[in-house]
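Here are the chains, one letter per residue:
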Amino acid sequence: MNDIPLIHMDERPITSIWYPGEDAGGYSTDARFDKSTSKIVAYAENGQCAPVPFYAVYDHDGNIKARVPAQMVTVIYAEAPKGGEA
C-alpha cells in the first residue's frame, strides 16, 4: 500500500480551494475565477495536540490574504502532465 502524504506534505500544485455549497465561493489561481490570487499553499498550524492542516492564500504581491482551515474547503490540484503519474 502506498503512503498517503499529509496535506501539507503533498507536493502537487493547488489551483483552487472551494467552500461547500452552491455559490459559496473560494479562491483560485485561475484568473477566470479569481483575479487576485497568485498561489495557494498547504501548511500546518500548531494545534493543541497535533498540527492542523490549513491553506495559505497569497495575493499577487506575495502577501497572505487568507488562512483557511483544510476541513472547510475542497481542494483542486493541478492536472498531472500527460503520460505522467499522479
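Residues numbered from 1 in each chain as written. Predicted model: local features only at pLDDT ≥ 70, side-chain atom pairs only at ≥ 80, totals over all residues. Heavy atoms only, no water.

S.K.: For this particular structure, what's the right way to read the sheet that holds strand E3 (residues 39-45)?
M.R.: Within a sheet, adjacent strands bond to each other through the backbone by hydrogen bonds, running parallel or antiparallel. Here three strands make up an open sheet; going across it, the order is E3-E4-E5 and the pairing antiparallel. Looking at the sheet topology across the chains shown, the edges are occupied by E3 and strand E5 (64-69). Ignoring strand direction, the axes of neighbouring strands in this sheet form an average angle of 25 degrees. Relative to E5, strand E4 (residues 52-58) runs antiparallel, the two sharing five bridges. (Pairing = 2+ DSSP bridges. Helix = DSSP H or I, 4+ residues; strand = E, 2+ residues; numbered from the N terminus. Axes fitted to C-alpha atoms, helices over the stretch in contact; angles between N-to-C directions.)

S.K.: Hey, could you run me through the nonpolar core in this one?
M.R.: One recurring pattern in soluble globular proteins is that nonpolar side chains are buried together. Residues Ile14, Ile17, Tyr27, Ile40, Ala42, Tyr55, Val57, Ala66, Val68, Ala70 and Val73 constitute the largest nonpolar core, which totals 11 residues. Elements with a contribution of two residues or more to this core: strand E1 (14-18), E3, E4 and E5. Those residues within four positions of isoleucine 14 in sequence are excluded, and the remaining contacts are Thr29, Ile40, Ala42, Tyr55, Val75, Ile76 and Tyr77. (Core = buried A, V, L, I, M, F, W, Y, C linked by side-chain atoms within 4.5 Å. Buried < 20%, exposed > 50% of the residue type's maximum accessible area, 1.4 Å probe, protein only. Contact = heavy atoms within 4.5 Å.)

S.K.: Help me out: how do you make sense of the pattern of salt bridges in this one?
M.R.: Pairing is possible between side chains that carry opposite charge, provided their charged atoms lie close to one another. Counted by the stated rule, this structure contains four salt bridges. Here aspartate 34 and lysine 65 are joined by a salt bridge, their closest N and O atoms 3.8 Å apart. In this pair, aspartate 34 sits in the loop between strand E2 (26-28) and E3 while lysine 65 sits in strand E5, placing the two residues 31 residues apart along the sequence. Residue aspartate 34 is classed as buried on the basis of its relative accessible area, which comes to 11%. Judged by its relative accessible area of 33%, lysine 65 is partly exposed. (Salt bridge = Lys/Arg side-chain N within 4 Å of Asp/Glu carboxyl O.)

S.K.: Just checking my understanding: could you explain the environment of proline 51 for this structure?
M.R.: With respect to the secondary-structure elements, proline 51 resides in the loop between E3 and E4. Taking the C-alpha atoms as reference, proline 51 lies 12 Å from methionine 9; in sequence the two are 42 residues apart. When sequence neighbours within four positions are dropped, the list of residues in contact with proline 51 reads Ala44 and Glu45.

S.K.: Just to check I follow, could you spell out the sheet that holds strand E6 (residues 74-77) for this structure?
M.R.: Across the sheet, which stays open at both edges, the three strands sit in the order E2-E1-E6 with antiparallel pairing between neighbours. Pairing within the sheet leaves two strands with one partner each, and these edge strands are E2 and E6. For this sheet, the mean inter-axis angle between neighbouring strands, taken without regard to orientation, is 15 degrees. In this sheet, E6 lies alongside E1 in antiparallel orientation, the contact comprising four bridges. Bridged to tryptophan 18 within E6 is threonine 74.

S.K.: Quick question: what am I supposed to make of the side chain of serine 28 here?
M.R.: Checked against the element boundaries, serine 28 lands in strand E2. Within the local environment of serine 28, its side chain forms a polar contact with the backbone nitrogen of aspartate 30, the two atoms lying 3.0 Å apart. Setting aside anything within four residues of it in sequence, one finds serine 28 in contact with Thr15, Ser16, Trp18, Phe33, Asp34, Thr37 and Ile40. (Polar contact = N/O pair within 3.5 Å; in protein donor to acceptor, adjacent residues only side chain to side chain.)

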